[in-house]
Amino acid sequence: MATTLSTLDAWILIAILSVASFLPRASFLWIAPNLPLPEPLKRALRFVPAAVFPALIMPAILINDGAIDISLGNTHLAAAAVAALVSLRRGNTFVVVLAGMVTLHLTQAWHSSGL
Amino acid sequence: MSEPPKDATPQTPSERAEARTVFWRGFVQMLPGTTGSFSTGLICGAAAIAAGMSSLSSMAIAAFGFAGTAQLVVVQLATTGSTLVVIALAGLIVNLRYAMFSLSMSRYLTHMNRRQRFVAAFFLTDPAYALSVARFTQHPDESPRIRYEYYMGATLAMGIGWFAGTGLGTALGAAMPASWQVEFCVPLTFLAMVAATVRDRATVVAAVVGGIVSLLAVGFPYRGGLLVASIAGIAAGYMVESWQRR
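None of these values were measured; they are calculated from a predicted model. (Residues numbered from 1 in each chain as written. Chains lettered and ligands numbered in written order. Predicted model: local features only at pLDDT ≥ 70, side-chain atom pairs only at ≥ 80, totals over all residues. Heavy atoms only, no water.)

Visitor: Quick question: what am I supposed to make of the overall build of chain A here?
Guide: When its secondary structure is counted, chain A shows 5 helices and 2 strands. In chain A, the succession of helices and strands from N to C terminus is α-α-α-β-β-α-α. Referenced to the eigenvectors of the C-alpha coordinate spread, the extents of chain A come out at roughly 65 × 40 × 30 Å. Split into buried and exposed, the 115 residues of chain A put 44% on the buried side. Of all intrachain contacts in chain A linking residues separated by at least 6 positions in sequence, the fraction that spans at least 24 positions is 28%. (Helix = DSSP H or I, 4+ residues; strand = E, 2+ residues; numbered from the N terminus. Buried < 20%, exposed > 50% of the residue type's maximum accessible area, 1.4 Å probe, protein only. Contact = heavy atoms within 4.5 Å.)

Take a look at the structure:
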């Protein structure tokens with residue numbers, strides 16, 4: 001499903017990310033330190049992280065072969081559920097990722113063992 | 001009538017001494033936070049290698065982008081065959097919060113020359129921003145020059161953690177077999193960030209709507225579902241906040 005990036009793809013990606021990272025950072029610190037921002041835009045900016053992360057996570061966890069899969073056979077779902085629990089207990093990023101990956105491999109080993 | 005230069009360079013010997021002290025204070029106080037930049041770098045480096053990037057391009061994307069989350073997003077989208085426009089827009093959306101931080105920082109760092117403004121903007125990160133602004137609000141009498149030093153000390157610590165993590169992840173990446181499924185670290189990393197971004201009812205609604213719409217929009221052409229879901233989530237959070245204010 002996932003494709004491997006060519007050398008050209010990689011450098012195009014580097015260029016895209018460089019611009020997409022620098023422009024928002026430079027917006028007020030470098031380009032326009034005294035630019036007034038409309039109030040609605042300032043308020044909308046506050047919701048960007050809250051909206052973007054779930055939109056990135058949900059398809060990676062719940063979509064299996066193009067369809068929503070909420071079965072016990074979805075090992076990604078089990079791994080994410082454990083990671084979410086650890087995250088709620090204020091684990092740092094590294095602990096959360098570790099917990100999720102360990103769960104992923106344990107559940108996959110369990111499923112392939114046929115128990 | 002010579003006006004003092006409007007930049008963040010310390011002018012007097014005593015100011016230079018204070019600048020050095022504050023710089024290293026920022027560095028030391030940022031150290032606990034660098035575990036985060038180190039582990040993000042580790043994941044980013046491994047994910048870049050898993051996506052087929054060379055060691056050189058993995059280090060280059062970390063250096064020029066200097067943005068862990070956005071890097072994970074663009075690399076993930078690229079490996080699932082998204083168009084360049086969607087990749088660029090997604091990278092911009094994920095980094096939009098920096099515009100917010102940039103605005104906030106510019107109110108504190110008022111004395112910078114062109115080079116200092118560039119450095120302050122290029123290396124802006126979430127943890128260094130949070131730590132610095134906390135310091136600035138606790139010490140409102142500190143001069144903009146001294147503030148710049150503190151922020152730079154914190155930024156140096158972040159940078160060291162980030163590049164050390166990326167280097168290790170890049171080196172390990174090639175040695176990690178595909179059955180380890182390192183790429184699943186990416187959504188798990190995002191998952192770990194959700195708790196920090198959801199603080200009140202309006203942000204909860206933004207998160208829930210963003211997540212649900214992303215599932216409904218999975219079949220959208222050019223993987224545009226992420227953009228549709230993000231905008232829907234932002235709009236939903238905005239509307240809830242508007243109703244609450246009434």
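Visitor: So what exactly am I meant to see when it comes to the overall build of chain B here?
Guide: Looking only at helices and strands, chain B has 10 helices and 0 strands in total. Expressed as lengths along the three principal axes of its C-alpha atoms, the size of chain B is roughly 65 × 55 × 30 Å. Taking all 246 residues of chain B together, the buried fraction comes to 55%. Within chain B, residue pairs in contact and separated by at least 24 positions form 80% of the contacts whose partners lie at least 6 positions apart. Computing the positive centroid from 17 side-chain charges and the negative centroid from 11, chain B places the two 4 Å apart. (Lys, Arg positive; Asp, Glu negative; His and termini not counted. Charge placed at Lys NZ, Arg CZ, Asp CG, Glu CD.)

Visitor: Teacher, can you tell me more about helix 5 (residues 93–112) of chain A here?
Guide: In an α-helix, one turn spans 3.6 residues; hence positions three or four apart end up facing the same way. If you check helix 5 of chain A, its first and last C-alpha atoms are 29 Å apart, about what 20 residues at 1.5 Å a residue would give, namely 28 Å. Taken together, the buried positions of helix 5 of chain A are Thr 93, Val 96, Val 97, Ala 99, Gly 100, Met 101, Thr 103, Leu 104 and Thr 107 of chain A. Residues of helix 5 of chain A that are buried in the fold lie against helix 4 (75–88) of chain A together with helix 1 (13–50) and helix 8 (185–197) of chain B. Note on helix 5 of chain A: the residue one or two positions beyond its end, Gly 114 of chain A, has a positive phi of about 75°. (Expected span 1.5 Å × (residues − 1).)

Visitor: Please clarify how the pattern of salt bridges should be interpreted in this entry.
Guide: Between side chains of opposite charge, a pair can form when the charged atoms approach closely. For the structure shown, the criterion picks out 3 salt bridges over all chains. The residue Arg 43 of chain A makes a salt bridge to Glu 241 of chain B at a minimum N-O spacing of 2.6 Å. Of this pair, Arg 43 of chain A sits in helix 2 (residues 39–45) while Glu 241 of chain B sits in helix 10 (residues 225–245), which puts the two residues in different chains. Each member of the pair, Arg 43 of chain A as well as Glu 241 of chain B, is classed as buried. Between Arg 135 of chain B and Glu 142 of chain B there is a salt bridge; the shortest N-O distance is 2.4 Å. We note that Arg 135 of chain B, like Glu 142 of chain B, is buried. (Salt bridge = Lys/Arg side-chain N within 4 Å of Asp/Glu carboxyl O.)

Visitor: Any chance you could explain the interface of chain B and chain A here in plain terms?
Guide: Many analyses report the size of an interface as the accessible area lost when the parts associate. Taken together, the contact pairs 87 residues of chain B with 65 residues of chain A. Buried area between chain B and chain A, both sides added, is near 6,800 Å², and the carbon and sulfur share of it is 75%. Seen at the junction of chain B and chain A, the total is 1 salt bridge. Contributing elements (two or more residues each) for the side of chain B that touches chain A: helix 1, helix 2 (55–65), helix 3 (68–79), helix 4 (84–106), helix 5 (114–122), helix 8, helix 9 (201–216) and helix 10 of chain B. In terms of residues, the side of chain B that touches chain A owes the most to one element, helix 4 of chain B, which gives 16 residues. The class makeup of the residues in the side of chain B that touches chain A is 55 nonpolar, 25 polar and 7 charged. (Buried area = accessible area lost by both parts, 1.4 Å probe. Nonpolar A, V, L, I, M, F, W, Y, C, P; charged D, E, K, R; others polar.)

Visitor: Please explain the domain arrangement of chain B as it appears in this structure.
Guide: Residue and element names in this part refer to chain B. Structurally, chain B comprises domain 1 (15–180) and domain 2 (198–246). Computed over C-alpha atoms, the centres of domain 1 and domain 2 are 26 Å apart. With 8 residues of domain 1 in contact, the opposing surface of domain 2 contributes 6 residues. Remark: the boundary between domain 1 and domain 2 carries 0 salt bridges. The interface formed by domain 1 and domain 2 includes 0 residue pairs in polar contact (both at pLDDT 80 or more). With 4 residues, the top contributor of residues to the side of domain 1 that touches domain 2 is helix 4. Residues of the side of domain 1 that touches domain 2, tallied by class, amount to 5 nonpolar, 3 polar and no charged. (Domains from an automatic or database assignment. Polar contact = N/O pair within 3.5 Å; in protein donor to acceptor, adjacent residues only side chain to side chain.)

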